[in-house]
Amino acid sequence: MTTVTGRERAAAQAYLRLLESTQAVLSDPRLEPYAAAMLTHPMAEADAALRAAGLSGNEAHLLRLVAALRASPAAERGRSR
């Protein structure tokens, strides 16, 4: 198993925040018209974190990190490790 760097962990967490924000906005028909405005910050945060971790364009590695983060015992307790 490879060691996850702090930047990689931050990128995976930012991606999860973007995913959860997108799901929340798009699941509420009253918020859908505001989706672009409401998701601007989470998208920018995820983009910056992906660039900082060197993961832009490396979706396979990012998704492995996300899966590992979600499977971690700390994530099950509601905290990142």
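Anyway, here's the lowdown on the structure attached to this text. (Residues numbered from 1 in each chain as written. Predicted model: local features only at pLDDT ≥ 70, side-chain atom pairs only at ≥ 80, totals over all residues. Heavy atoms only, no water.)

A few words on the overall build of the protein chain. Secondary structure summary: the protein chain contains 4 helices and 0 strands in total. Along its sequence from the N terminus, the protein chain presents helices and strands in the succession α-α-α-α. Evaluated residue by residue, the protein chain yields a buried proportion of 28% over its 81 residues. When the accessible area of the protein chain is evaluated, it comes to approximately 5500 Å², of which 57% is carbon and sulfur surface. (Helix = DSSP H or I, 4+ residues; strand = E, 2+ residues; numbered from the N terminus. Buried < 20%, exposed > 50% of the residue type's maximum accessible area, 1.4 Å probe, protein only. Areas by Shrake-Rupley, 256 points an atom, 1.4 Å probe, with all protein chains shown as cover.)

On to the packing of helix α1 (residues 6-26) against helix α3 (residues 59-71). Running from amino to carboxyl end, α1 crosses α3 at an angle of 85°, the nearest separation of the two axes being 9 Å. One element, α1, and the other, α3, form an angle in the roughly perpendicular class. Where α1 approaches α3, its residues Glu8, Arg9, Ala11, Ala12, Gln13, Tyr15, Leu16, Leu19 and Glu20 are matched on the opposing element by His61, Leu62, Leu63, Leu65, Val66, Leu69 and Arg70. Taken together, the residues of the contact of α1 with α3 break down into 10 nonpolar, 2 polar and 4 charged. (Axes fitted to C-alpha atoms, helices over the stretch in contact; angles between N-to-C directions. Parallel < 35°, antiparallel > 145°, perpendicular 65-115°, else oblique. Contact = heavy atoms within 4.5 Å. Nonpolar A, V, L, I, M, F, W, Y, C, P; charged D, E, K, R; others polar.)

This paragraph deals with the packing of α1 against helix α2 (residues 35-52). Across the interface, α1 lies against α2 with an axial gap of 8 Å and an inter-helix angle of 165°. With respect to α2, the axis of α1 lies roughly antiparallel. The handedness of the crossing between α1 and α2 is left-handed. Residue-level contacts link Arg7, Ala10, Ala11, Ala14, Tyr15, Arg17, Leu18, Ser21, Thr22, Val25 and Leu26 of α1 to Ala35, Met38, Leu39, Pro42, Met43, Glu45, Ala46, Ala49, Leu50 and Ala52 of α2. Across the contact of α1 with α2, the residue classes tally to 16 nonpolar, 2 polar and 3 charged. (Left-handed = near helix turned anticlockwise from the far one by under 90°.)

Checked against the element boundaries, Glu8 lands in helix α1. No salt bridge is formed by the buried Glu8, whose closest oppositely charged neighbour, Arg9, lies at an N-O distance of 8.1 Å. A distance of 3.0 Å separates a polar side-chain atom of Glu8 from the backbone nitrogen of Thr5. Beyond its immediate chain neighbours, meaning those up to four positions away, Glu8 contacts Thr3, Ala53, Leu55, His61 and Leu65. (Lys, Arg positive; Asp, Glu negative; His and termini not counted. Salt bridge = Lys/Arg side-chain N within 4 Å of Asp/Glu carboxyl O. Polar contact = N/O pair within 3.5 Å; in protein donor to acceptor, adjacent residues only side chain to side chain.)

Let's shift gears to the pattern of salt bridges. Two side chains carrying opposite charge are able to pair once their charged atoms lie near each other. Applying the stated criterion across every chain yields a total of 3 salt bridges. Its salt-bridge partner being Glu45, residue Arg17 comes within 2.6 Å of it at the nearest N-O pair. On the criterion of sequence distance, the pair formed by Arg17 in helix α1 and Glu45 in helix α2 is long-range, its members being 28 residues apart. Given a relative accessible area of 38%, Arg17 falls into the partly exposed group.

These values are about where atoms sit, not about what they do.
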